[in-house]
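Structure assessment
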Amino acid sequence: MDLGISGRVAIVTGATGGLGKATANMLSAEGVRVALFARTAKTLKETAQEISGKTGNPVIAVPGDLGRTEDVVRLVETVTAELGSPDILIVITGRPPRPREVLKEDERP
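All values reported here derive from a predicted model rather than from experimental measurement.

This brings us to the pairing of strand S1 (residues 9-13). Residues in a regular strand point their side chains to alternate faces of the sheet. For S1, the tally of buried residues reaches five of five residues, placing the bulk of the element in the interior. Residues Val9, Ile11 and Thr13 of S1 are buried on one face, and the alternating residues Ala10 and Val12, pointing to the opposite face, are buried as well. Two elements, S1 and strand S4 (residues 88-90), share three bridges in a ladder whose sense is parallel. Its bridge partner lying in S4, Ala10 is registered against Ile88.

Set out below in structure tokens:
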């Protein structure tokens, strides 16, 4: 299948398994440079190596948590520096985000 997105840059969150991993695989197979983002660094790195090994396209692993502003900022900075400006964002979360009211004061953006 040719989706016409070859050469683009994508960020996929929740990318170590299930729908996130499958999406990252598909994007990379389409020629997209992919950044994987999830909380488990070891699994994330292994997933990036697996996908890149299959497709031959650049795939990077950026560990972090979507609930932490500093992790999201680091993600965007890392992706931009290593792959270029992101064109595609796929957000898959393993748990629903908590409403702002239940966040502790130091967790609020």
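Further notes follow.
What follows deals with the pattern of salt bridges. Side chains that differ in charge, positive against negative, can pair when their charged atoms come close. For the coordinates displayed, the defined rule picks out six salt bridges. Measuring nitrogen to oxygen at the nearest pair gives 3.1 Å for the salt bridge that ties Glu50 to Lys21. Taken as a pair, Glu50 in helix H2 (residues 41-55) and Lys21 in helix H1 (residues 18-29) lie far apart in primary sequence, 29 residues in all. By relative accessible area, Glu50 is classed as partly exposed at 34%. When the shortest N-O distance is used, the salt bridge between Lys54 and Glu50 registers 3.7 Å. You can see Lys54 and its partner Glu50 sitting in helix H2, four residues apart, about one turn around the helix. For Lys54, a relative accessible area of 54% corresponds to the exposed category.

Rules behind the numbers
- Residues numbered from 1 in each chain as written.
- Predicted model: local features only at pLDDT ≥ 70, side-chain atom pairs only at ≥ 80, totals over all residues.
- Heavy atoms only, no water.
- Buried < 20%, exposed > 50% of the residue type's maximum accessible area, 1.4 Å probe, protein only.
- Helix = DSSP H or I, 4+ residues; strand = E, 2+ residues; numbered from the N terminus.
- Pairing = 2+ DSSP bridges.
- Salt bridge = Lys/Arg side-chain N within 4 Å of Asp/Glu carboxyl O.

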